[in-house]
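Structural overview
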Amino acid sequence: MFLSSRAISSLGILLIGVLTARFLSPENRGHYALFFTLVGLATNTLSLGLAQANTYFLNREKQDIGTLFGNSAIFIVFLALLNACGLFFIHTIFDLNLAGIPGLLPWIILWVAIVMMLVETILSGLVYGSHLYKVQSASLIIQMLLLVAATLFILAFEDRMLLSLELRVTSMMVFSAGYLFALWWNIRPLTFRISVKIFTKQAIFGSRTWLQNLIGLLNYRGYLLLLAVLSGPETVAIFSISLLLVEAVRFVPETVATILLPKLVSLEQQSKSSEFTSRTLRIVLLMATLVAAVLFALTPWLLPFVFGQAYREGIPVARLLLIGSIGGVVYQVMTRYFTSEAKQVYSIIASATVLIIAGGLSLVLIPTYGAIGAALTFAISAYVSAAMMLFFFNKHSGIPIANTVFANKNDWILFAGYIRKVKF
């Protein structure tokens, strides 16, 4: 069920991308993508890795879920107040038009979106840590139905940017309330306790995961911000639409990686987690490569047919992103492994190095080549990141890099058997 829910979620993201591309102008589609990129970046910046810390402390440290929930709830309230002050300060001092809309209202909508995403993100660590995969699966489906329904209302209006944001954020509010209720219902009695000592440990552990996730997100979504500054919202729209094809390649790795951390932290021996990670990466790379190859061949027809002729110039952009997406699979899987071993320093070193490289290349390539320059930078950075993560994995586990990357005969047999048995 978890796989099917992730598939529905991915299809929903694609459908939202199609609807917003078709019924918002390229400029507004660019503003729309930038708005929710800011939501994601702000959420990752503020959450301090507490979701992963909740999963880790529930399984490896055997901490009481009531204490972890209480600490999380108080932290979310604090972040909501901090975020409100920060956004109000930015709006007042710099008088910026968010999403091309003047006034305070879009900033209020941004604040609500960030708080709702913080609730979902931080509490998801308790859901995964409690191994409530059916709850998470149902939640993913409900969430996507709400988001798609909100997006469909755009069809009744002509390119209404503000309304598009309002509808989507309203659906986020409804989902967050339901998600909190689902957690309470399945954990009952869910007590509320606070421990400064335990929260300090959560924050220390989470901060290491937080930094690697934040840098990783910047390496993935930061190109939209750079394109907005160096090229303009129309170019952002082209890049964001092309990036949706990459999400199809990332579907299996992200699905596997999501449940990989709870699995790894439950394994007592480091050698077992290393072998499990190595086998997982080989199979996931095989599946992602096959998907990327098919999409690469279909892109010249698929992109303009699905999103419209206005995005036809995104074909080379999408193809470069698809090539780079294979390298990105390594980072997706390996970050979970290093988190389970409390060795996030390896992920941080790799992602920080790549962020510097990507920043330098972007400043050179984007002003001249626009979205193609950003896509080329993305591809180069992804393979540099993959090489570094594989080197660190080999150093930590002793497993040869070739045995971690290239599928063997048993992997092909396992892969074929999985394809025959998988049920949606």
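These remarks concern the structure in this document. (Residues numbered from 1 in each chain as written. Predicted model: local features only at pLDDT ≥ 70, side-chain atom pairs only at ≥ 80, totals over all residues. Heavy atoms only, no water.)

1. What about the overall build of the chain?
Looking only at helices and strands, one finds 15 helices and zero strands in the chain. At 21 Å, the chain has a C-alpha radius of gyration in line with the 22 Å of a compact globule built from 424 residues. Along the three orthogonal principal directions, the C-alpha set of the chain runs to about 55 × 50 × 40 Å. With 424 residues in all, the chain has 55% of them scored as buried. Considering only contacts within the chain whose residues lie at least 6 apart along the sequence, 85% involve residues at least 24 apart. Entry remark: accessible area of the chain is about 18400 Å², with carbon and sulfur atoms responsible for 70%. Across the chain, the 28 positively charged side chains and the 16 negatively charged ones have centroids separated by 13 Å. (Helix = DSSP H or I, 4+ residues; strand = E, 2+ residues; numbered from the N terminus. Rg over C-alpha atoms; globule rule 2.2 N^0.38 Å. Buried < 20%, exposed > 50% of the residue type's maximum accessible area, 1.4 Å probe, protein only. Contact = heavy atoms within 4.5 Å. Areas by Shrake-Rupley, 256 points an atom, 1.4 Å probe, with all protein chains shown as cover. Lys, Arg positive; Asp, Glu negative; His and termini not counted. Charge placed at Lys NZ, Arg CZ, Asp CG, Glu CD.)

2. Some remarks on the packing of helix α6 (residues 133–152) against helix α7 (residues 161–187)
Following both chains from N to C, one finds α6 and α7 inclined at 160°, their axes separated by 9 Å at the closest point. When the interaxial angle is binned, α6 and α7 end up roughly antiparallel. Considering only the axes of α6 and α7, their crossing is right-handed. In this structure, α6 contributes Val135, Gln136, Ser139, Gln143, Leu146, Leu147 and Ala150 to the contact, and α7 contributes Leu167, Arg168, Ser171, Met172, Val174, Phe175, Tyr179, Ala182 and Asn186. (Axes fitted to C-alpha atoms, helices over the stretch in contact; angles between N-to-C directions. Parallel < 35°, antiparallel > 145°, perpendicular 65-115°, else oblique. Left-handed = near helix turned anticlockwise from the far one by under 90°.)

3. Here we look at the side chain of Thr20
Counting through the fold element by element, Thr20 comes out in helix α1 (residues 2–23). Among the polar contacts listed, one links the side chain of Thr20 to the backbone oxygen of Ile16, at a separation of 2.8 Å. (Polar contact = N/O pair within 3.5 Å; in protein donor to acceptor, adjacent residues only side chain to side chain.)

4. What about the pattern of salt bridges?
Considering all chains together, one arrives at two salt bridges under this definition. Put simply, Arg193 and Asp64 hold a salt bridge, and the shortest N to O gap is 2.3 Å. Here Arg193, found in the loop between α7 and α8 (196–230), pairs with Asp64, found in the loop between α3 (50–59) and α4 (65–94); they are 129 residues apart in sequence, far enough to count as distant. Residue classification places Arg193 among the partly exposed residues on the basis of a relative accessible area of 39%. Among the residues examined, Asp64 registers a relative accessible area of 32% and is labelled partly exposed. (Salt bridge = Lys/Arg side-chain N within 4 Å of Asp/Glu carboxyl O.)

5. Things to note about the packing of aromatic side chains
Any two aromatic rings considered together are summarised by their centre-to-centre distance and by the angle between their planes. Evaluation of the coordinates by the stated rule reveals 21 aromatic pairs. Here Phe57 and Phe205 contribute two aromatic rings whose centre-to-centre distance is 6.1 Å and whose plane-to-plane angle is 90°, an arrangement assigned as edge-to-face. Of this pair, Phe57 sits in helix α3 while Phe205 is found in helix α8, placing the two residues 148 residues apart along the sequence. Here Phe57 and Phe205 have matching classes, each one buried. A centroid spacing of 5.4 Å and a plane angle of 50° characterise the contact between Phe75 and Phe199, whose relative ring orientation is tilted. (Phe/Tyr/Trp six-rings, centres within 6.5 Å; stacked < 30°, edge-to-face > 60°.)

6. Overview of a nonpolar patch on the surface
Residues Phe89, Ile90, Ile93, Phe94 and Leu96 make up a contiguous nonpolar surface patch of about 490 Å² in total accessible area. Take Ile90: it is sitting in helix α4. Judged by relative accessible area, which is 31%, Ile90 ranks as partly exposed. (Patch = residues over 30% accessible without salt bridge, like charges linked within 9 Å, V, L, I, M, F, W, Y side chains within 5 Å.)

7. Quick word on the environment of Thr45
Tracing the backbone through its elements, the reader meets Thr45 in helix α2 (residues 26–47). Each C-alpha atom, one on Thr45 and one on Ser325, is 24 Å from the other, the two residues being 280 residues apart in sequence.

8. As for the packing of α4 against helix α5 (residues 105–129)
Orientation of α4 relative to α5, taken along the N-to-C sense of each, is 160°, at an axis distance of 10 Å. The orientation of α4 relative to α5 falls into the category roughly antiparallel. Two packed elements cross with a definite hand, and for α4 against α5 that hand is right-handed. Taken together, the residues that form the contact of α4 with α5 break down as 20 nonpolar, three polar and no charged. (Nonpolar A, V, L, I, M, F, W, Y, C, P; charged D, E, K, R; others polar.)

9. Here's the deal with unusual backbone geometry
In this model, Arg188 is joined to Pro189 through a cis peptide bond whose omega is -5°. Structurally, Pro189 is set in the loop between α7 and α8. For Leu48, which is not a glycine, the phi torsion comes out positive at approximately 60°. Secondary-structure assignment places Leu48 in the loop between α2 and α3. Phi is positive for His131, which is not a glycine, with a value near 60°.

10. Observations concerning the environment of Phe406
You can see Phe406 is positioned in the loop between α14 (401–405) and α15 (409–421). Along the sequence, Phe406 and Ile187 sit 219 residues apart, while their C-alpha atoms lie 41 Å from each other.

11. Section: the environment of Ile372
With respect to the helices and strands, Ile372 occurs in helix α13 (residues 371–397). Between the C-alpha atom of Ile372 and that of Arg160, which follows or precedes it by 212 residues, the distance is 29 Å.

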